Amino acid sequence: MRPDGEAARAVFSALAAGIRHVDAAWVYKNEREVGEGLRRAEREGIVTREKVFVTSKLWNTFHRPEDVHTAVNTTLRDLGLSYLDLYLMHWPVAQDP
């Protein structure tokens, strides 16, 4: 794990530098901080949500159809977003939860 706030600062700095694609994943355990960085950039007038392409990924233990909805909603909640631009399977091999 990285020090608290490091991911939020990195995302904010990237957006301030002109980056417009943010890649996240549940397994990285930093989606809350990624969302904080996005929101700070919005508050400070650097970007609007619509100008940032946000990707996240479904982890291997959530491949069952009945688990996908919960997984994506957890990601959206943690990022503080109402939608993702792209949601991928992180790895094409399912694992037991």
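Heads up: the structure comes first, above all this text.
Okay, so let's go over this structure. (Residues numbered from 1 in each chain as written. Predicted model: local features only at pLDDT ≥ 70, side-chain atom pairs only at ≥ 80, totals over all residues. Heavy atoms only, no water.)

## Concerning the packing of aromatic side chains
In plain terms, the rule: Note on aromatic pairs: the rings of Phe, Tyr and Trp (six-membered ring only in Trp) are paired at centre separations within 6.5 Å, and the planes decide the class, stacked below 30 degrees, edge-to-face beyond 60, tilted for the rest. Charge over a ring is defined by NZ of Lys or CZ of Arg lying within 6 Å of the ring centre and within 35 degrees of the ring normal.
In total, this model carries one aromatic pair according to the counting rule given. A cation over an aromatic ring shows up here: R40 above the ring of F12, its NZ or CZ 3.6 Å from the ring centre. Sitting above the plane of the Y83 ring, R49 keeps its charged end 4.0 Å from the centroid.

## Thoughts on the packing of helix α1 (residues 6–16) against helix α2 (residues 31–43)
Our working rule: All axes are obtained by fitting lines to C-alpha atoms, using only the stretch in contact for helices, and the reported angles, taken between N-to-C directions, cover 0 to 180 degrees. Only DSSP runs of H or I reaching four residues or more are called helices, and only runs of E reaching two or more are called strands; each is numbered from the N terminus. Convention used here: angles under 35 degrees read as roughly parallel, angles over 145 as roughly antiparallel, angles from 65 to 115 as roughly perpendicular, and any remaining angle as oblique. In this scheme, a crossing is called left-handed if the near helix is turned counterclockwise away from the far one by less than a right angle; it is called right-handed if the turn is clockwise. Working rule for contacts: check all heavy atoms of both residues, and any pair within 4.5 Å makes them a contact. Note on residue categories: nonpolar means Ala, Val, Leu, Ile, Met, Phe, Trp, Tyr, Cys or Pro, charged means Asp, Glu, Lys or Arg, and polar means any other residue, Gly included.
Axis separation between α1 and α2 bottoms out at 7 Å; the angle between their running directions is 40 degrees. Overall, the two elements α1 and α2 adopt an arrangement that is oblique. As α1 runs across α2, the sense of the crossing is right-handed. Of the residues in α2, those in contact with E6, A7, A8, V11, F12 and L15 of α1 are E33, V34, E36, G37, L38, R40 and A41. Split into classes, the residues belonging to the contact of α1 with α2 amount to eight nonpolar, one polar and four charged.

## Some points on the sheet that holds strand β1 (residues 21–23)
Selection criterion: Strand pairing follows a simple DSSP-based rule, namely that at least 2 bridges must link the two strands.
Strand order across the open sheet formed by three strands is β1-β2-β3, with parallel pairing between neighbours. Each edge of the open sheet is held by one strand with a lone partner, namely β1 and β3 (86–89). Within this sheet the neighbouring strands show an average axis-to-axis angle of 20 degrees, counted without direction. Here β1 runs beside strand β2 (residues 53–58); their pairing, made up of three bridges, is parallel. By the bridge assignment, H21 is partnered in β2 with F53. Sitting on the sheet, helix α3 (residues 65–79) is in contact with β2 and β3, with an inclination near 140 degrees to β2.

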